[in-house]
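Here's the letter readout for the chains.
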Number of protein chains: 2
Amino acid sequence: MLKLIESVPNFSEGRRIEVVEEIIRTCEKFDKVWVLDWSMDYDHNRSVVTLIGTPEQINDALFDMTKKASELIDLRKHKGEHPRMGATDVIPLVPIWNCKMEECIEISKELGKRIGEELNIPVYLYEKSATKPVRENLAEIRKGEFEHFHEKILLEGWEPDFGPRKVHPTAGVTAVGAREHLIALNVNLRTDRIDIAKNIAKAVRHSSGGFRYVKAIGIELKEKGIVQVSMNLTNYKRSPIHRVFELIKLEAERYGVQIAGTEVIGLIPMDALVKVAEFYLKFEDFESSRILEKKLLEIFSKELVKENGED
Amino acid sequence: MLKLIESVPNFSEGRRIEVVEEIIRTCEKFDKVWVLDWSMDYDHNRSVVTLIGTPEQINDALFDMTKKASELIDLRKHKGEHPRMGATDVIPLVPIWNCKMEECIEISKELGKRIGEELNIPVYLYEKSATKPVRENLAEIRKGEFEHFHEKILLEGWEPDFGPRKVHPTAGVTAVGAREHLIALNVNLRTDRIDIAKNIAKAVRHSSGGFRYVKAIGIELKEKGIVQVSMNLTNYKRSPIHRVFELIKLEAERYGVQIAGTEVIGLIPMDALVKVAEFYLKFEDFESSRILEKKLLEIFSKELVKENGED
């Protein structure tokens, strides 16, 4: 059975394209790892790569990328708007095909151990792989960033899960963890009042009393003359899109404000959209196995395994 | 590039399971044809098989199934509630992967020609493959059914597209044509008043003034004590689900009736549900290439071609 994991490693380099390309090129030698997408941001000085692969190969590919990043990126010389603590800042692992969260947790531990032992980079397991509740939240781990991690790593409770209790001089520390697919969703509001976007962001986000798996901020889109509720949905199964969207609509109505539109950034799992259709159309007992493309994926993945003789 | 076509042939046998199984077994020798689903109905005395395959192989598989059905089914002895005119009554071809409607039309003509010439079964091209406007509608072709086709075939304008101008003594005539994926969708209403379901069916269906690509009837679900608008959406791209659903909801409100739920029968293409999510969430510029499973399908199909050395 073909199993696939998605990973979205973040590297602290968003200005030198040749560096990012060299890191990505380390995946080329793996025939069961595919780079789906990548982008770099100058202000954030950060790049994000989306890849999928079989558990064994993605593990090796991510190790090689981390090694390459540790050779090419020197955090002592790194400045950028986005908080960061390592050359390879964070490596999330997402189960996407024939794969359970438990297997991703297992793989995150194997990968973390190798990065710690072979590259001498301290590794913190986060999200579903976290060994302490406080470490479930990546922001908590990253607090202090590279510059202050030399002291933080010695504090009680902040020993790394793998590797030395000493920040790597140039590559810093890295977080590795299993999580659900994260959906980046922006809802645009037909108003230029930033206070409304900020109030609505507060209403939906977990940190101020909203949905458990929603992070949100209100921002201005100056060129469009409107404002936006910019969100990360960290678990679309538990805090589904339609519920978040309907709450935003309801809160916006209070101010007499309409929703102008919604944008999806990056990739989105089919099931997240199917759940939306299920809700609005009031589906009874709908099985996603009824979706033609799901059947196709099953056939294709069986064929691939057959032709590789792995079955 | 891997190309795939879906076909949903209908056979006039819904009682003798061994006959249906023997017809389906003729697909087994094709390594690029997969049977996704099949069902038989006693009252209709009819079976429906869903298969997908590459253009070349599905063409051969459908020919072999039609041949086998002509050997095993004798329409002179066939009775059932569903109208029919042939042992293999109808063969629709649907483009589903890397394939255009034009290619399905081409294939329907090749298949029709072979059935006509090699099996001596008159073939009518229907829907997108139709050679005359009246033949776009399968119901128009089937009118008179097997019993009256001996006279109909001699009428002006009813010469078959392929094969002899003489009904096959036991296998009748067959319709072959390319079309969009058909979605069978039932909307249940919280009332036992059949007149309401019938009125709403009239409001949405093409034949009485509704949407161009919607067929609908009102029926009673006696055991549940409710009624249903039972529909076929013959082109979900042009008459999308959400528009049909919202109209049903609106019309039902007139009678103070609520929608109890919606059922999907058979397979549904992912895009049909994505369009629903796009509408309700007001997506701006959403590309379905953003869907993770779409990326997976692309990767898988490229890999399959690579391993078959067809690229």
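Note that this is a predicted model, so its numbers are computed, not measured.

Explain the overall build of chain A residue by residue, including any values.
A tally of helices and strands in chain A yields 9 helices and 11 strands. The C-alpha atoms of chain A give a radius of gyration of 21 Å, which matches the 19 Å a tight globule of 311 residues would have. Projected onto its principal axes, the C-alpha positions of chain A cover 55 × 50 × 40 Å. Per-residue burial over chain A gives 46% buried out of 311 residues. Across chain A, every contact between residues at least 6 apart in sequence was considered, and the portion connecting residues at least 24 apart equals 71%.

If you had to explain the domain arrangement of chain A to someone new, which residues and values would you point to?
When cut into domains, chain A gives domain 1 (4-178) and domain 2 (183-268). For domain 1 of chain A versus domain 2 of chain A, the distance between C-alpha centres works out to 28 Å.

Which residues make up the interface of chain B and chain A, and what values do they have?
Listed per partner, the contact involves 38 residues of chain B and 38 residues of chain A. Residues that form the side of chain B that touches chain A fall into these classes: 27 nonpolar, 3 polar and 8 charged.

Would you mind going over the pairing of strand β3 (residues 33-41) of chain A in detail, with residue names and values included?
All names here are of chain A. As defined by bridge partners, β3 adjoins strand β4 (residues 46-53) across 8 bridges and the pair is classed as antiparallel. When the sheet's bridge partners are listed, V33 is paired in β4 with G53. With antiparallel pairing between neighbouring strands as the criterion, β3 and β4 make up a hairpin whose turn holds 4 residues, including N45 at a positive phi of roughly 50°.

Let's hear about the pairing of strand β10 (residues 226-233) of chain A: which residues, and what values?
Residue and element names in this part refer to chain A. Among the 8 residues in β10, 6 count as buried, and that is most of the element. Strand direction decides the pairing type here: strand β8 (residues 183-189) and β10, joined by 7 bridges, are antiparallel. For I183, the partnering residue across the bridge sits in β10 and is L233. Where strand β9 (residues 214-221) meets β10, 8 bridges bridge the pair, whose relative direction is antiparallel. Paired with V214 across the two strands is L233, which belongs to β10. The hairpin turn running from β9 into β10, its antiparallel successor, is 4 residues long, and G225 in that turn takes a positive phi close to 70°.

Reading the values: rules and limits
- Residues numbered from 1 in each chain as written.
- Chains lettered and ligands numbered in written order.
- Predicted model: local features only at pLDDT ≥ 70, side-chain atom pairs only at ≥ 80, totals over all residues.
- Helix = DSSP H or I, 4+ residues; strand = E, 2+ residues; numbered from the N terminus.
- Rg over C-alpha atoms; globule rule 2.2 N^0.38 Å.
- Buried ≥ 20, exposed ≤ 12 C-beta atoms within 10 Å, placed from the backbone.
- Contact = placed C-beta atoms within 7 Å.
- Domains from an automatic or database assignment.
- Nonpolar A, V, L, I, M, F, W, Y, C, P; charged D, E, K, R; others polar.
- Pairing = 2+ DSSP bridges.

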